[in-house]
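Summary of the model geometry
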Amino acid sequence: MLDNLKAYWDRIKENDRLYFRIIWIAAITVVVIAVLISAATVKIKGRKALKAAEAAAKASATEAAEEVVEEVAPATPTNALIYGTEGAWQLVLTNAENPLPSGYSIPEFTELRNGHKVDSRIYPDLQQMFDDARAEGLTPTITSAYKTAEELEGISEPGTNDHETGLSIDVMSEEAGKDADVWDWFDANCYKYGFINRYPESKQDVTGVSNDFHHYRYVGKEAAKMMYDSNQCLEEFLGK
């Protein structure tokens, strides 16, 4: 009887040890899994934080660059170098300091009905400008256009007169006493057709030319719009 009880007790103790071992193994396993999950979570959060930091740094750099552009760009808002128009045929500059380049030539001329002629490349915009002015009741007429250096002898040095480019015209009204009306319309609208008032009175200190406010010059629609918006003459636009 005692032997039987002792054997039964030994079996209980052995089973309890096995039970507790299972409990301990399970507990350790749970702890290890929890640690691994925590580490993985921290790693994922770390990656997200790193990506967020990189994105914030990139955005900050972009914003800083934009601020620099905003601060610098207005200093030369229509500099021809920015827009890739430096050296374009319609932007050739002629004045005492910048004569026409050696070998300058006009590919083709178009002769107007009054005998004057212009570079054929400007004729479509020129004709449209005059058509639109006439549609508003004005009577503009061209009194001077292309001139050779020989024709300008005694007036200016060869290569320094804007009329030698074939891109310039002098405009008046066919009606007596209506010149000012024509000039007002051209001053307000010529940029839409690629022309500028080449020698505005307010820019005399820059151009060195006065009393030639009826002189209009083709520079192309893009450049004309820029100059009109920024109130620049050709010298200022080209930075020369």
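Structure: see above.
Summarised in this report is the structure supplied together with it. Within each chain, residues carry numbers counting from 1 in the order of the written sequence. Restriction of local features to residues with pLDDT of at least 70 applies here, the model being predicted, together with a cutoff of 80 or more for giving and counting side-chain atom pairs; totals for whole chains, interfaces and linings are based on all residues. Excluding hydrogens and water, the side-chain figures rest on all heavy atoms present in the structure.

Our focus in this paragraph is the overall build of the protein chain. Under the scheme used here, helices are H or I runs from DSSP no shorter than 4 residues and strands are E runs no shorter than 2 residues, and both carry numbers assigned from the N terminus. Of the regular secondary structure elements, the protein chain holds 6 helices and 6 strands. Order of helices (α) and strands (β) in the protein chain, N terminus to C terminus: α-β-β-α-β-β-α-β-α-β-α-α. Residue burial is assigned from relative accessible area. The probe radius is 1.4 Å, only protein chains are included, and a residue is buried under 20% of its type maximum, exposed over 50%, and partly exposed in between. A buried classification covers 32% of the 240 residues belonging to the protein chain. Note on definitions: a residue-residue contact is assigned when non-hydrogen atoms from the two residues lie within 4.5 Å. For the protein chain, contacts bridging at least 24 residues in sequence account for 66% of all contacts bridging at least 6. Every accessible area reported is derived by Shrake-Rupley at a probe size of 1.4 Å, with residue values counting cover from the shown protein chains alone. About 15200 Å² of surface is accessible on the protein chain, with carbon and sulfur atoms providing 57% of the total.

Now for the packing of aromatic side chains. Only rings of Phe, Tyr and Trp enter the pairing, Trp through its six-membered ring, and a pair is recorded when the two centres are within 6.5 Å. The plane angle decides the type: under 30 degrees is stacked, over 60 is edge-to-face, the rest tilted. Counting across every chain of the model gives 9 aromatic pairs. Here the aromatic rings of Trp183 and Phe213 are separated by 5.2 Å at their centres, their planes lie at 75°, and the arrangement is edge-to-face. Here Trp183 is found in helix H3 (residues 179-189), whereas its partner Phe213 is found in the loop between helix H4 (204-207) and strand S6 (215-218), with 30 residues between them in sequence. For Trp183, a relative accessible area of 17% gives the class buried.

Time to look at H3. Owing to its 3.6 residues per turn, the α-helix brings residues three or four apart onto one side. Restricting attention to buried positions, one finds in H3 the residues Asp179, Val182, Trp183, Trp185, Phe186 and Asn189. End-on view of H3: buried residues confined to an arc of 160°, all on one side of the axis. The secondary structure elements touched by the buried residues of H3 are helix H2 (123-135), strand S3 (140-144), strand S4 (168-173) and S6. As used here, the arc is the angular range of directions from the helix axis to the C-beta atoms.

Looking now at the nonpolar core. Nonpolar side chains tend toward joint burial in soluble globular proteins. As used in this record, nonpolar core signifies buried Ala, Val, Leu, Ile, Met, Phe, Trp, Tyr and Cys residues forming a set joined through side-chain atoms within 4.5 Å. Judged by nonpolar contacts, the single largest core of 24 residues is most densely connected at Leu126, Met129, Phe130, Ile169, Phe186, Phe195 and Tyr216. When contributions to this core are tallied by element, the ones reaching two or more residues are H2, S4, H3 and S6. Those residues in contact with Phe130 that lie beyond four places of it in its chain are Pro140, Thr141, Ile142, Ile169, Val171 and Phe186. Counting residues in hydrophobic clusters, the runner-up holds 12 residues, among them Leu91, Leu93, Ile196 and Leu234.

With respect to the helices, strands and loops of the structure, Ser168 is situated in strand S4. Nitrogen and oxygen atoms within 3.5 Å of one another constitute a polar contact, given that in protein one can donate a hydrogen and the other can accept it, and given that sequence-neighbouring residues count only through two side-chain atoms. Of note is the side chain of Ser168, whose polar atom sits 2.4 Å from the side chain of Asp162. A distance of 3.2 Å separates a polar atom in the side chain of Ser168 from a polar atom in the side chain of His215. If near-sequence neighbours (up to four positions away) are discounted, Ser168 is found in contact with Ser144, Ala145, Tyr146, Asp162, His163, His215, Tyr216 and Arg217.

Note that side chains of opposite charge can pair when their charged atoms are close. One speaks of a salt bridge when a side-chain nitrogen belonging to Lys or Arg is within 4 Å of a carboxyl oxygen belonging to Asp or Glu. For the coordinates displayed, the defined rule picks out 8 salt bridges. Residues Arg113 and Glu174 are paired through a salt bridge, measuring 3.8 Å at the closest nitrogen-oxygen approach. With Arg113 in the loop between strand S1 (109-111) and strand S2 (117-119) and Glu174 in the loop between S4 and H3, the pair connects residues that are 61 residues apart, well separated along the chain. Put simply, Asp229 and Lys225 hold a salt bridge, and the shortest N to O gap is 2.5 Å. Taken together, the positions of Asp229 and Lys225, both in helix H5 (residues 221-230) and 4 residues apart, correspond to about one turn of that helix. Linked by salt bridges that have partners in common, Asp162, Arg198, Arg217 and Glu235 make up one network.

With that settled, consider a negative patch on the surface. The grouping of Glu175, Asp181, Asp184 and Asp187 at the surface amounts to a negative patch. By the secondary structure assignment, Asp184 is in helix H3. Think of a patch as exposed residues, more than 30% relative accessible area, with no salt bridge, where like charges cluster within 9 Å and nonpolar side chains (Val, Leu, Ile, Met, Phe, Trp, Tyr) cluster within 5 Å. Charged residues are defined narrowly, with Lys and Arg counted positive, Asp and Glu counted negative, and His plus the chain ends left uncounted. To locate a charge, take NZ of a lysine, CZ of an arginine, CG of an aspartate or CD of a glutamate.

Moving on, we come to the pairing of S6. Looking along a regular strand, one sees the side chains alternate between the two faces of the sheet. Neither face of S6 is open: one carries His215 and Arg217, the other Tyr216 and Tyr218, and all of them are buried. Any two strands are treated as partners once DSSP identifies two or more bridges connecting them. As paired strands, S4 and S6 are joined by 3 bridges and run antiparallel to one another. By the bridge assignment for S6, Asp170 is matched with His215. Pairing of strand S5 (residues 195-197) with S6 involves 3 bridges; the strand directions are antiparallel. The residue bridging Ile196 from the neighbouring strand is Arg217, located in S6.

Looking now at the sheet that holds S3. One open sheet holds the 4 strands; their spatial order is S3-S4-S6-S5, and the pairing between them is antiparallel. Only two strands of the sheet have a single partner each, and these edge strands are S3 and S5. Taken pair by pair, the neighbouring strands of this sheet meet at an average axis angle of 40°, ignoring direction. An axis is simply a line fitted to the C-alpha atoms; with a helix, the fit covers only the stretch in contact. Between two such axes, the angle follows the N-to-C directions and lies from 0 to 180 degrees. In the packing of H2 onto the sheet, contacts are made with S3, S4, S5 and S6, and the angle to S3 comes to roughly 135°.

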